[in-house]
Amino acid sequence: MAGAAVGALRQRLAGLGRRLERLRGAGGDDASLVKGAISLEKLKDLCKEDKQTVNPSNLLQLYTQIVLDITYFEENQLVDEEFPEDSSLQRVKELISILSEPEVLVKESNVHQDLIGVLGTELLECLSWRRGALLYMYCHTVKERGCWLTENTDLFKKCLNDGIHYLLEMLRFRYPPRLNDVSFQDTDTARLLSEGIFSDTHVLAMMYIGEMCYWGLKHGGEDKPGTHEIDSESNTELYCSLHNAVLDFREVGEKMLMKYVAVCEGLLKGQDWNTANAKLILDYFKKFQS
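Structural notes, computed from the coordinates. (Residues numbered from 1 in each chain as written. Predicted model: local features only at pLDDT ≥ 70, side-chain atom pairs only at ≥ 80, totals over all residues. Heavy atoms only, no water.)

1. Structural notes on the environment of Ser57
Secondary-structure assignment places Ser57 in helix H3 (residues 56-80). Overall, the relative accessible area of 10% leaves Ser57 in the buried class. Sequence separation between Ser57 and Val118 is 61 residues, and the spatial gap between their C-alpha atoms is 5.1 Å. Every residue in contact with Ser57, bar those within four places of it in the chain, is listed here: Gly117 and Val118. (Helix = DSSP H or I, 4+ residues; strand = E, 2+ residues; numbered from the N terminus. Buried < 20%, exposed > 50% of the residue type's maximum accessible area, 1.4 Å probe, protein only. Contact = heavy atoms within 4.5 Å.)

Put into structure tokens, the structure is as follows:
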């Protein structure tokens, strides 16, 4: 198994090395690039060790962290440059592809474990979050470009759809514990975990999903309001709004924002979570109720 992982890794390491060289050659001295470079050399050394003693899961996890470090710098560049109209779409597609490589690599490595068993929950959540958040920021910027939006409605909806898919995926990697199964000294923490809220990022993901669903309804063109195809693999009982491989923007957005408001005005009250925009969007969603 380690031999398959090493073989699958080597060609990708060469590509990451060239990417890192280009970024640093262009003046990139960000801490994430430095960290990525150090980890890349470490991983190259590990790939030279005896395949019988190397844990393939450790190799794949380190590779994933390198991908996250390098792409973090590039994502920040795009945000700082406000997603240039002439080049940002291709750059976003490329980053999404790179952030998807760890999952592809696990399948190629013939490791007899599922993704969570190999990469772990936190890395998988991070990969999904980063892809979803990148598409959120891209859509947040391009929706203000009227001419572009008129000419690229289908593309815009696909970006929204993909971004929502990644964020929903991120929210479902962990199964919330049942309150009577676990003993907690802090009952508020226990209730948050039982709601599937494991971090601030989980809360923010719900708001992002709600906003993207709102943009899909508001800027989605003339076809049926709020309905767009989604990869059927993203169906989940936890978020039962995905029916027959169709994403209902209103239904999904409403579920997420109602939960967001309830959590932020309940268990997280007084922790600076703003619900004003979420409530405005919920009012807008009411126009689309049958």
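2. Notes on the packing of aromatic side chains
Counted under the stated rule, the structure contains seven aromatic pairs. Taking 3.6 Å as the distance between ring centres and 5° as the angle between the ring planes, the aromatic pair formed by Tyr136 and Tyr208 counts as stacked. Within this pair, whereas Tyr136 is found in helix H6 (residues 121-142), its partner Tyr208 is found in helix H10 (residues 200-219), the two being separated by 72 residues in sequence. Accessibility classification places Tyr136 together with Tyr208 in one group, the buried group. Relative to Tyr284, the ring of Tyr214 has its centre 5.0 Å away and its plane inclined at 90°; by these criteria the two rings are edge-to-face. With Tyr214 in helix H10 and Tyr284 in helix H12 (residues 276-285), this residue pair connects regions lying 70 residues apart in the sequence. For the pair shown, Tyr214 and Tyr284 are each scored as buried. (Phe/Tyr/Trp six-rings, centres within 6.5 Å; stacked < 30°, edge-to-face > 60°.)

3. As for the pattern of salt bridges
Applying the stated criterion to the full structure yields 16 salt bridges. The partner of Glu41 in a salt bridge is Lys44, and the shortest N-O contact between them spans 3.6 Å. You can see Glu41 and its partner Lys44 sitting in helix H2 (residues 31-47), three residues apart, about one turn around the helix. Here the salt bridges do not stand alone but share partners, grouping Arg12, Glu101 and Glu108 into one network. (Salt bridge = Lys/Arg side-chain N within 4 Å of Asp/Glu carboxyl O.)

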